[in-house]
Amino acid sequence: MNKDMKILIVDDFSTMRRIIKNLLRELGFNNTTEADDGQTALPILKKNKFDFVVTDWNMPGMTGLDLLKAIRADAALSATPVLMVTAERKRENIVDAAQAGVNGYIVKPFTAATLREKMEGIFKRLESGAA
Amino acid sequence: MNMRITIGKDNLDQARALVEHLEQDDVEAAGRVLDEITNVRESELFQEVGKLTREVHDTLNTFITDKRLSQVAEEGIPDARDRLDYVITLTDQAAHRTLTAVEECQPLAEKLDARANELGGAWSRFLQRDMNADDFRQMSREIREFFDLVAGDASQINGKLNDVLMAQEFQDLTGQIIRRVIGMVQDLENDLVRLIKIAGKLNEGDDAGADDDEKSLEGPPIPGRESDSTMASQDEVDELLSGLGF
């Protein structure tokens, strides 16, 4: 994984954004930006090229699922890997996210090890898919 | 409206009489019997409606006199909202206070780690007699400085860990607040159940069950209240996703 990659963290709780940001820093990723819901995230994504999106699901304004769908529907953004980190753990929700094209799904509360494992998995799959 | 009308021997006799009159083409007599039947039905219906109306009226009166429901609506719910807002504030503060302490501790620990490694290298060279007198004096000075660095940083780290410790006090406070809100919600629930029971009597036969949106978000699972489709762990989520081709 490229340690300089640009990562957008989307969560309505600033504490959770901070926790994810700190965990990413622990993993060597310092190039992070934050947004507090899908509505603020989308223009940021369109304006700058991001390599990875970590998003919550349940947010006011625009949910993580809608953000994911918007990313997949936008030709310029559609290839961006999206990792969902959420407290939503119902089977139907997870299936919805998978069908919408999520790259990874982590349920809160989670650990740094889980985050690393899922990120490595996502980039490994992307590389093997691109090869 | 689904009224239970008692069907007894009287009704049976009336029905027989009605058939008899119709067979004899006695339309007038048949009409009389039909009127009788309808009268009985109507009076029973009116009685039933009257009873329900009285019940509703009485119950509404008790709601008005004990003022509980209106109190809950006017004071209880805004009060609960404020309390829960405060819980968010407290937990937010505690989380930030903890995160700040962690963020400040990490560079201190990293610095100690790096410095210890450097000095460890020099010390190994000294043990292997791979060091001249000047370098030895330099190392001695650096070790002396390192002792001061360790003492200073360790006490700083200790102070920040204390901060983390103290930040956890939010749990006690928020626990008490939430417990009160739970009590208020319980009171409200009891009152609403009483109302629903009355409304249910008026609407028997209607499908009162609201259509639950199975896919709605339910937030963090509350122990003991998980739905059947709630994944218990990250492992279960992973299993589900791998079944979906991940």
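What counts, and at which threshold
- Residues numbered from 1 in each chain as written.
- Chains lettered and ligands numbered in written order.
- Predicted model: local features only at pLDDT ≥ 70, side-chain atom pairs only at ≥ 80, totals over all residues.
- Heavy atoms only, no water.
- Core = buried A, V, L, I, M, F, W, Y, C linked by side-chain atoms within 4.5 Å.
- Buried < 20%, exposed > 50% of the residue type's maximum accessible area, 1.4 Å probe, protein only.
- Helix = DSSP H or I, 4+ residues; strand = E, 2+ residues; numbered from the N terminus.
- Contact = heavy atoms within 4.5 Å.
- Polar contact = N/O pair within 3.5 Å; in protein donor to acceptor, adjacent residues only side chain to side chain.
- Axes fitted to C-alpha atoms, helices over the stretch in contact; angles between N-to-C directions.
- Parallel < 35°, antiparallel > 145°, perpendicular 65-115°, else oblique.
- Left-handed = near helix turned anticlockwise from the far one by under 90°.
- Nonpolar A, V, L, I, M, F, W, Y, C, P; charged D, E, K, R; others polar.
- Buried area = accessible area lost by both parts, 1.4 Å probe.
- Salt bridge = Lys/Arg side-chain N within 4 Å of Asp/Glu carboxyl O.
- Pairing = 2+ DSSP bridges.
- Phe/Tyr/Trp six-rings, centres within 6.5 Å; stacked < 30°, edge-to-face > 60°.
- Lys NZ or Arg CZ within 6 Å of the ring centre and 35° of its normal.
- Expected span 1.5 Å × (residues − 1).

Colleague: What should I look at first to understand the nonpolar core in this one?
Modeller: Across soluble globular proteins, nonpolar side chains have a tendency to be buried as a group. Core analysis: the biggest nonpolar cluster contains 30 residues, and Leu 8, Val 10, Leu 45, Ile 71 and Tyr 105 of chain A have the highest contact counts within it. Broken down by element, the residue count for this core peaks at 5 residues, all from helix H4 (residues 91–100) of chain A. If near-sequence neighbours (up to four positions away) are discounted, Tyr 105 of chain A is found in contact with Trp 57, Leu 83, Met 84, Thr 86, Glu 88, Asn 93, Ile 94 and Ala 97 of chain A together with Gln 234, Val 237, Asp 238 and Leu 241 of chain B. Listed in part, the 19 residues of the second largest apolar core include Met 16, Val 85, Leu 115 and Ile 122 of chain A.

Colleague: Whenever I open this one, the side chain of Gln 234 of chain B confuses me. Can you help?
Modeller: Residue placement: Gln 234 of chain B occurs in helix H6 (residues 234–243). Under the relative-accessibility criterion, Gln 234 of chain B is labelled buried at 14%. Separated by 2.9 Å, the side chain of Gln 234 of chain B and the backbone oxygen of Tyr 105 of chain A make a polar contact. Excluding anything up to four places from it in sequence, Gln 234 of chain B contacts Tyr 105, Ile 106, Val 107, Thr 114 and Lys 118 of chain A.

Colleague: Just to check I follow, could you spell out the packing of helix H3 (residues 64–73) of chain A against H4 of chain A for this structure?
Modeller: In helix packing, the relevant descriptors are the interaxial angle and the interaxial distance, both defined with respect to the helix axes. All names here are of chain A. Look at H3 against H4: their axes get within 9 Å of each other, and the N-to-C directions meet at 15°. Taken as axis vectors, H3 and H4 run roughly parallel relative to one another. As H3 runs across H4, the sense of the crossing is left-handed. On the side of H3, the interface is formed by Leu 65, Leu 68, Lys 69 and Arg 72, while H4 contributes Asp 96, Ala 97 and Ala 100. Looking at the contact of H3 with H4, its residues break down into 4 nonpolar, no polar and 3 charged.

Colleague: Got a minute to help me understand the packing of helix H2 (residues 38–47) of chain A against H3 of chain A in this structure?
Modeller: All names here are of chain A. One way to put it is that H2 packs onto H3 with a least axis distance of 9 Å and a crossing angle of 25°. As the angle between them shows, H2 and H3 are arranged roughly parallel. When you trace H2 past H3, the crossing you get is right-handed. For the pair H2 and H3, contact is made by Gly 38, Ala 41, Leu 42 and Leu 45 and by Leu 67, Ala 70 and Ile 71, respectively. The residue inventory of the contact of H2 with H3, partitioned by class, reads 6 nonpolar, 1 polar and no charged.

Colleague: What exactly am I supposed to notice about the interface of chain A and chain B here?
Modeller: Interface size is commonly expressed as the accessible area that is lost once the parts come together. Each partner contributes residues to the interface: chain A has 31 residues there, and chain B has 29 residues. Both sides together, the interface formed by chain A and chain B hides about 2700 Å², and carbon and sulfur atoms give 56% of it. Remark: the boundary between chain A and chain B carries 2 salt bridges. Between Asp 238 of chain B and Lys 118 of chain A there is a salt bridge, and its shortest N-O distance comes to 2.8 Å. One can count 14 residue pairs in polar contact (both at pLDDT 80 or more) joining chain A with chain B. Of all elements in the fold, only helix H1 (14–26), H4, strand E5 (104–107) and helix H5 (112–130) of chain A reach the threshold of two or more residues within the side of chain A that touches chain B. Here the side of chain A that touches chain B is composed, by residue class, of 11 nonpolar, 8 polar and 12 charged.

Colleague: I would appreciate a short explanation of the sheet that holds strand E3 (residues 52–55) of chain A in the present structure.
Modeller: Across a sheet, strands are paired by hydrogen bonds formed along the backbone, either parallel or antiparallel in direction. Residues and elements named next belong to chain A. Taking strand neighbours across the sheet as the criterion, the 5 strands line up as E2-E1-E3-E4-E5 in an open arrangement whose pairing is parallel. Taken across any chain shown, the strands that pair with only one partner, and hence form the sheet edges, are strand E2 (32–35) and E5. The sheet shows a mean angle of 20° between the axes of neighbouring strands, taken without regard to direction. Judged from the 4 bridges that link them, strand E1 (residues 7–10) and E3 form a sheet pairing that is parallel. What sits directly across from Leu 8, in E3, is Val 53. Taken strand by strand, H3 contacts E1, E3 and strand E4 (82–86), and its axis lies near 175° from that of E4.

Colleague: Is there a simple way to think about the environment of Asn 31 of chain A in this case?
Modeller: Residue and element names in this part refer to chain A. Residue placement: Asn 31 occurs in the loop between H1 and E2. For Asn 31, a relative accessible area of 34% corresponds to the partly exposed category. Along the chain, Asn 31 and Met 5 lie 26 residues apart, while their C-alpha atoms are 6.4 Å from each other. The contacts of Asn 31, once residues within four sequence positions are left out, are Asp 4, Met 5, Lys 6 and Ile 7. A distance of 3.1 Å separates a polar atom in the side chain of Asn 31 from the backbone oxygen of Asp 4.

Colleague: Explanation requested: the packing of aromatic side chains in the structure shown.
Modeller: Given two aromatic rings, their pairing is described by the distance between the two centres and the angle made by the two planes. Scanning the entire structure with this criterion turns up 4 aromatic pairs over all chains. Seen in terms of ring centroids, Phe 52 of chain A and Phe 123 of chain A are 5.2 Å apart; in terms of plane orientation they differ by 45°. Their pairing is tilted. One end of the pair, Phe 52 of chain A, is in strand E3; the other, Phe 123 of chain A, is in helix H5, and 71 residues separate them in sequence. Just as Phe 52 of chain A is buried, Phe 123 of chain A falls in that class too. An aromatic cluster is built from Trp 123, Phe 126 and Phe 136 of chain B, whose rings are joined through pairwise contacts. Between the NZ or CZ atom of Lys 6 of chain A and the centre of the ring of Phe 50 of chain A, over which it lies, the distance is 4.8 Å.

Colleague: Even after reading the chapter, I still don't get helix H4 (residues 133–167) of chain B, so can you show me in this structure?
Modeller: Side chains of residues three or four places apart in an α-helix project in the same direction, reflecting 3.6 residues per turn. Here H4 of chain B contains 35 residues, and its C-alpha end-to-end distance of 51 Å stays within 8% of the 51 Å for a straight helix at 1.5 Å per residue. For H4 of chain B, the full list of buried residues reads Met 139, Phe 146, Asp 153, Ile 157, Lys 160, Val 164 and Ala 167 of chain B.

So far we have only geometry, and geometry alone does not tell us how the molecule works.
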